[in-house]
Amino acid sequence: MGISRMASIARWSALSVALVLPAGAHSESQPRIVGVDTEHIFGFTEGTDIGYKGEIELESTFVGRFGKPGSFAALENETAVRYGITDSFRLAVGTLFDYRSIYNVPDLDDYSGFNFAGLTAEARWQVLRRDSSPIGLTLSATPQWRRVDDLSVPPVESYSIVLTLLADAALIPDTTFAAVNLTSAPTFTRVAGVWQQDAPLEASAAVSHAIVPGLFLGAEVRHLTHNRDGFFTGHALFIGPSLFMKVSESTAIKAAWSIQVPDEASGSMDLVNYERHQVLLLLVKNF
């Protein structure tokens, strides 16, 4: 199960939490951070910054998943509008779209099509900021309704809430940053009249370094675990690079590529629950 790798992620996460505990929360009267906004400078991992009061952000995120026995490709899009209620609290609403092409994949029906996949919302609270604490800390809750499942062909009814703890720190001020995300996404799905419960978990750690102002290169490791109806069904370890570029003062793009690596113990990969490759492209515009 990649125990040593998962333990490394856990040790990093525990260290982050230990740093947070004595610091306490910040007050609304403190000035904003001047410098790097870390939210998007990593890959699939996210930083803790959320913008400021009154800021409007339009984001469109594309996630591609490729590589299973047979022919499998999936492209998901989330387009969302985010608004800063205060300097430390932000709300968002968005839409979900999905394209899949599946042929000759074991245990999956052949299918190809584009769908409106559902709706999403988010509440994000920045508990600690890096200007008043050794690290930044943010809590995120993202309820979602989906009418299309990742793998099944018929329409479904799915409800989930994605809960994420985000922590980051400046290793070198304004130049090198590290982040840790811990995510749980309890999901209830009805397929053909039968309800099933999934409980995916993800732990990720990332670093990102400014090559020049506004251009960051990074790397990350992600460990994903899948549970269905209370039973462990699979896990995968992904590693890969990331790129963030600030195109203008209000526009930025991010790209990341994660590759599943073989399990240390078995030497195999989980291509039933996951794919060989996952890629991400984010386009963001601030107003």
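In what follows, the structure referred to is the one given above.
Values in this document were obtained by computation on a predicted structure and should not be read as measured data. (Residues numbered from 1 in each chain as written. Predicted model: local features only at pLDDT ≥ 70, side-chain atom pairs only at ≥ 80, totals over all residues. Heavy atoms only, no water.)

A. Seen up close, the nonpolar core. Of all hydrophobic cores here, the largest spans 11 residues; its members are Val36, Ile41, Phe42, Phe177, Ala179, Ala206, Ala210, Phe216, Phe244, Ala252 and Val284. Beyond its immediate chain neighbours, meaning those up to four positions away, isoleucine 41 contacts Val36, Phe177, Ser208, Phe216, Ser242 and Phe244. Val127, Leu128, Ile135 and Leu137 belong to the second-largest nonpolar core, a separate cluster that totals six residues. (Core = buried A, V, L, I, M, F, W, Y, C linked by side-chain atoms within 4.5 Å. Buried < 20%, exposed > 50% of the residue type's maximum accessible area, 1.4 Å probe, protein only. Contact = heavy atoms within 4.5 Å.)

B. Layout of the packing of aromatic side chains. As enumerated under the stated definition, the model contains seven aromatic pairs in all. Consider the rings of phenylalanine 97 and phenylalanine 116, whose centres lie 5.6 Å apart with planes at 65°: the pair is edge-to-face. Placement of the pair is phenylalanine 97 in strand S3 (residues 89–103) and phenylalanine 116 in strand S4 (residues 111–128), with a sequence separation of 19 residues. Accessibility expressed as a relative area gives 32% for phenylalanine 116, which makes it partly exposed. Where phenylalanine 177 meets phenylalanine 216, the ring centres are 6.3 Å apart and the plane angle is 55°; that geometry is what we call tilted. With a gap of 39 residues between them, phenylalanine 177 in strand S7 (residues 176–184) and phenylalanine 216 in strand S11 (residues 215–228) connect regions that are remote in the sequence. The exposure classification of phenylalanine 177 matches that of phenylalanine 216, with both residues buried. Connected via pairs of aromatic rings, a cluster forms that spans Phe97, Phe114, Phe116 and Trp145. Positioned above the aromatic ring of phenylalanine 72 is the side chain of lysine 68, whose terminal nitrogen or guanidinium carbon lies 5.4 Å from the ring centre. Between the NZ or CZ atom of arginine 222 and the centre of the ring of phenylalanine 238, over which it lies, the distance is 5.4 Å. (Phe/Tyr/Trp six-rings, centres within 6.5 Å; stacked < 30°, edge-to-face > 60°. Helix = DSSP H or I, 4+ residues; strand = E, 2+ residues; numbered from the N terminus. Lys NZ or Arg CZ within 6 Å of the ring centre and 35° of its normal.)

C. Up close: the pairing of strand S9 (residues 194–198). Sheet analysis places strand S8 (residues 187–191) next to S9, joined by five bridges and oriented antiparallel. From the neighbouring strand, phenylalanine 188 faces S9, where its bridge partner is glutamine 197. Taking the residues between adjacent antiparallel strands as the criterion, S8 and S9 are bridged by two residues, where alanine 192 takes a positive phi near 55°. (Pairing = 2+ DSSP bridges.)

D. Region of the structure containing the pattern of salt bridges. Under the defined criterion, the tally for this structure stands at 19 salt bridges. In this structure, arginine 100 and aspartate 98 form a salt bridge, with 2.9 Å as the shortest nitrogen-oxygen distance. For the pair shown, arginine 100 and aspartate 98 are each scored as buried. Between arginine 228 and aspartate 198 there is a salt bridge, and its shortest N-O distance comes to 2.7 Å. Of this pair, arginine 228 sits in strand S11 while aspartate 198 sits in strand S9; the two residues are 30 residues apart in sequence, bridging distant segments of the chain. Take arginine 228: its relative accessible area is 31%, and that puts it in the partly exposed class. (Salt bridge = Lys/Arg side-chain N within 4 Å of Asp/Glu carboxyl O.)

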